[in-house]
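Here's the letter readout for the chains.
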Amino acid sequence: MTFGVKIKKFKLTNAFLTMNKNIIYFDYAATTPLDSRVLKKMNPYLKEKFGNPGSSHSLGQQAKSDLEKSKEIISQIIKAEPEEIIFTGSATESNNLALKGIAFLNFQKKKHIIVSAIEHDSILKPTQWLASQGWKITKLAVDKFGLIRTEDLEKAISKETVLVSIMHANNEIGTIEPIAEIGKICKRKNVLFHTDASQSFGKIPLDVKKMNIDLLTASSHKIYGPLGTGCLFIKKGVKIESLIHGGGQEFGLRSSTPNLPSIIGFAEAAKISQKSMIKESQRLIKLREKLIKGILKSIPRSRLNGHPKKRLFNNINFSFSFVEGEAIVAKLNAYGIAASTTSACASEKLEPSHVLLACGLKPQEAQGSLRISLGRWTKEKDIDFLFKVLPEIVKNLRKISPFKG
Amino acid sequence: MYTNKVLKYFSEPKNYGRIKNPDGLGKVGNPICGDVMWLYFKLGKNKKGEEIIKDIKFETFGCVAAIATSNMIVDLAKGKTIKEALKISKEDIVKALGGLPPIKLHCSVLAVDALTEAIYDYLIHHKKPIPKELEKSHEQIEKEKKIIKQKYKSWITTENKLHKKAKK
């Protein structure tokens, strides 16, 4: 969404944000800029290394070998095997493949799927569609922090249940679900467990074996990799139906000529994120805590959404009473600050965020939400600048608002 | 997505706030869907001795478009007679703002509703004749208010139930 403020073109350098003095980017959960190291790695694959992995000549075979190397890199990060990784076009596609692929194969046997109430639309919409086709869907409620209760999950699993899909970390409020516990329960009850790790892959250590994960979704553009690439981990032995039929690429599960430049970039981005994970999480947690404390202190009637501790190191989500989120985002944008909201006004549906509502917020409280997500180029001075402008913005909007509290 | 005029009317709002003992007060919208507009006015006389909207202010909870349209209708209505003010259409507002994104057109409707409701409030309290058109639009607004209340009642209850279940 743009508000008409002219912003200079992003420069594809590591320091692109600091070099671009016109913008402070606080929307890393939406997408991230490409890391220049990733671009460098991708470049040859856009030019001379253009072979199709399906070709038998040396260009093709080189491409095939590089594709496999990328699988190896991704699989190592989640402690899986290379042949358990399927590259897709997006995390949305991976989620669709996981849900529908498992559902279609079990048609006429088991028809029950369990998800949480705060899943991303790329989980909720496919399950809605599956429900229209006769599947039974259970949506697990969450507490005020956005956490599911594992007791609820245990109760919800029946003989009919084929799949449990619960996200690792929520995209809006950053809450981290207890996926290791969930995995344990699913294993004991003999149902498949899928987790959408789009927001956590590259940020939180993942071990599909220890966590008993059968399927896992990851995304490239959330970790400074290129857009248009995601992957789905499918544990060896898990049977799944393909959604895209054709040349039989990706073990017949995702026909399409692989998007090798992006896949190479995805693997490189994952490698960098994995390497810098501990340092980066320590750095950003400090900034996150400073930001949360500062805003809650300086803005009356403000609250933090999501869990205070069990949250992504880069996610912050506030609600401000009596004002509306899109208006806050527009005012911030005028100062060159990019942030986001999930208010009804900012959505095509004109309904406030299902995540905040599921956490028990009243619709009018959910309207005043502001998500600030930090990333690789967030500096302390960016947060200090936010402290200067945000309290004033909220104060001014409250002056216009009929609700004063 | 917004024109410069919309952004200007959003970021530099004038004539907002409350008027004590207003002659007319219109309250429209619903915080659940995202926009609430309250519009106040006081009447006075112009040089010709006609009764006009002398002072008019708004209070709005809502997005960029909601604040800009509130600000614009207040601009358009100031100095007009009741009869003239009732002629202000949503198209007039959209035109004056240089356009609105399609999903935000409803904000211009809300602004017109706020003004007509304020005028209705004035006429009914002063036992003045109410034009048929105005009566009709008032009934329509009341009807919509009820629908929203009902629509969201069930929604709020389901969400509450979900929440309580999790709390147990």
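Note that the structure is predicted; figures quoted are calculated from it, not measured. (Residues numbered from 1 in each chain as written. Chains lettered and ligands numbered in written order. Predicted model: local features only at pLDDT ≥ 70, side-chain atom pairs only at ≥ 80, totals over all residues.)

1. Observations regarding the overall build of chain B
Thinking step 1. Along the backbone of chain B there are six helices and three strands.
Thinking step 2. Traced from its N-terminal end to its C-terminal end, chain B shows the element sequence α-β-β-β-α-α-α-α-α.
Thinking step 3. Its C-alpha atoms put chain B at 70 × 40 × 30 Å along the principal axes.
Thinking step 4. Here chain B holds 168 residues, and the buried ones make up 41% of them. (Helix = DSSP H or I, 4+ residues; strand = E, 2+ residues; numbered from the N terminus. Buried ≥ 20, exposed ≤ 12 C-beta atoms within 10 Å, placed from the backbone.)

2. Quick word on the sheet that holds strand β9 (residues 302-304) of chain A
Either a parallel or an antiparallel arrangement is found when strands of a sheet pair, and the pairing is made through backbone hydrogen bonds.
Residue and element names in this part refer to chain A.
Thinking step 1. Across the sheet, which stays open at both edges, the three strands sit in the order β9-β10-β12 with antiparallel pairing between neighbours. At either margin of the open sheet sits one strand with a lone partner, and together these are β9 and β12 (369-373). Taken over all neighbouring pairs, the strand axes of this sheet differ in orientation by 25 degrees on average, direction set aside.
Thinking step 2. Looking at chain direction, β9 and strand β10 (residues 315-320) are connected through three bridges and run antiparallel. Following the sheet pairing, S302 is matched in β10 by F320. (Pairing = 2+ DSSP bridges. Axes fitted to C-alpha atoms, helices over the stretch in contact; angles between N-to-C directions.)

3. Considering the pairing of strand β7 (residues 215-219) of chain A
Residue and element names in this part refer to chain A.
Thinking step 1. Across the five residues of β7, five count as buried, placing the element largely inside the fold.
Thinking step 2. Of the two faces of β7, both are covered, the one formed by L215, T217 and S219 as well as the one formed by L216 and A218.
Thinking step 3. Both strand β6 (residues 192-196) and β7 contribute to a ladder of three bridges, which runs parallel. Pairing of H194 across the sheet is with L215, part of β7.
Thinking step 4. One ladder, built from five bridges, connects β7 with strand β8 (residues 230-234); its direction is antiparallel. When the sheet's bridge partners are listed, L216 is paired in β8 with F233.

4. Comments concerning the sheet that holds β6 of chain A
Residues and elements named next belong to chain A.
Thinking step 1. Spatial ordering of the open sheet is given by β2-β8-β7-β6-β5-β3-β4, a layout of seven strands whose pairing is mixed. Each edge of the sheet is formed by a strand with only one pairing partner; in this case those strands are β2 (85-88) and β4 (136-140). Each neighbouring strand pair of the sheet contributes to a mean axis angle of 20 degrees, computed without reference to strand direction.

5. A short note on unusual backbone geometry
Thinking step 1. Despite not being glycine, F251 of chain A shows a phi value in the positive range, around 60 degrees.
Thinking step 2. Phi at N15 of chain B is positive, roughly 55 degrees, even though this residue is not glycine.
Thinking step 3. When you line up the elements, N15 of chain B lands in the loop between α1 (4-11) and β1 (24-30).

6. Side note on helix α5 (residues 105-125) of chain B
All names here are of chain B.
Thinking step 1. Between its first and last C-alpha, α5 extends 31 Å over 21 residues, near the 30 Å set by a 1.5 Å rise per residue.
Thinking step 2. Most of α5 is tucked away: 16 of the 21 residues are buried.
Thinking step 3. A positive backbone phi angle near 50 degrees is found at K127, which sits one or two residues after α5. (Expected span 1.5 Å × (residues − 1).)

7. A few points about the interface of chain B and chain A
Interfaces are often sized by the accessible area lost when the parts come together.
Thinking step 1. Contacts between chain B and chain A engage 29 residues on the former and 31 residues on the latter.
Thinking step 2. Counting residues per element, the side of chain B that touches chain A draws most heavily on helix α6 (residues 132-167) of chain B, at seven residues. (Contact = placed C-beta atoms within 7 Å.)

8. Details of the packing of helix α2 (residues 36-46) of chain A against helix α8 (residues 260-298) of chain A
All names here are of chain A.
Thinking step 1. It is the contact of α2 with α8, at a shortest axis distance of 8 Å, that shows an interaxial angle of 155 degrees. Classed by the angle they form, the pair α2 and α8 counts as roughly antiparallel. Here α2 runs over α8; the crossing is right-handed. Facing α2, whose interface residues are R37, V38, K41, M42, Y45 and L46, α8 presents L260, P261, I264, G265, E268, A269 and I272.
Thinking step 2. Tallied by class, the residues present in the contact of α2 with α8 amount to nine nonpolar, one polar and three charged. (Parallel < 35°, antiparallel > 145°, perpendicular 65-115°, else oblique. Left-handed = near helix turned anticlockwise from the far one by under 90°. Nonpolar A, V, L, I, M, F, W, Y, C, P; charged D, E, K, R; others polar.)

9. Some details on the domain arrangement of chain A
Residues and elements named next belong to chain A.
Thinking step 1. You can read the domains of chain A as domain 1 (16-36 + 277-400) and domain 2 (37-271).
Thinking step 2. Contact residues are listed per partner, giving 26 residues for domain 1 and 29 residues for domain 2.
Thinking step 3. Breaking the side of domain 1 that touches domain 2 down by element, the ones donating at least two residues are α8, β10 and α10 (354-358).
Thinking step 4. Class assignment for the residues of the side of domain 1 that touches domain 2 results in nine nonpolar, twelve polar and five charged. (Domains from an automatic or database assignment.)

10. Concerning helix α7 (residues 179-189) of chain A
All names here are of chain A.
Thinking step 1. Residues of α7 that are buried include every one of I179, I182, G183 and C186, and no others. One side of α7 holds all its buried residues, which, seen down the axis, span an arc of 100 degrees. α7 presents A180 and R188 as exposed residues on the side facing more than 90 degrees away from its buried surface.
Thinking step 2. In this fold, the buried residues of α7 make contact with α6 (150-156), β5 (161-165) and β6.
Thinking step 3. Backbone geometry just downstream of α7 places N190 in the positive-phi region, at approximately 60 degrees. (Arc of directions from axis to C-beta.)

11. Remarks on the packing of helix α2 (residues 64-77) of chain B against α5 of chain B
Residues and elements named next belong to chain B.
Thinking step 1. Axis separation between α2 and α5 bottoms out at 9 Å; the angle between their running directions is 40 degrees. Overall, the two elements α2 and α5 adopt an arrangement that is oblique. The chirality of how α2 crosses α5 is right-handed. Along the contact surface, α2 presents A65, A66, T69, S70, M72, I73 and A77, while α5 presents C107, S108, L110, A111, V112, A114 and L115.
Thinking step 2. Classifying every residue of the contact of α2 with α5 by side-chain character gives eleven nonpolar, three polar and no charged.

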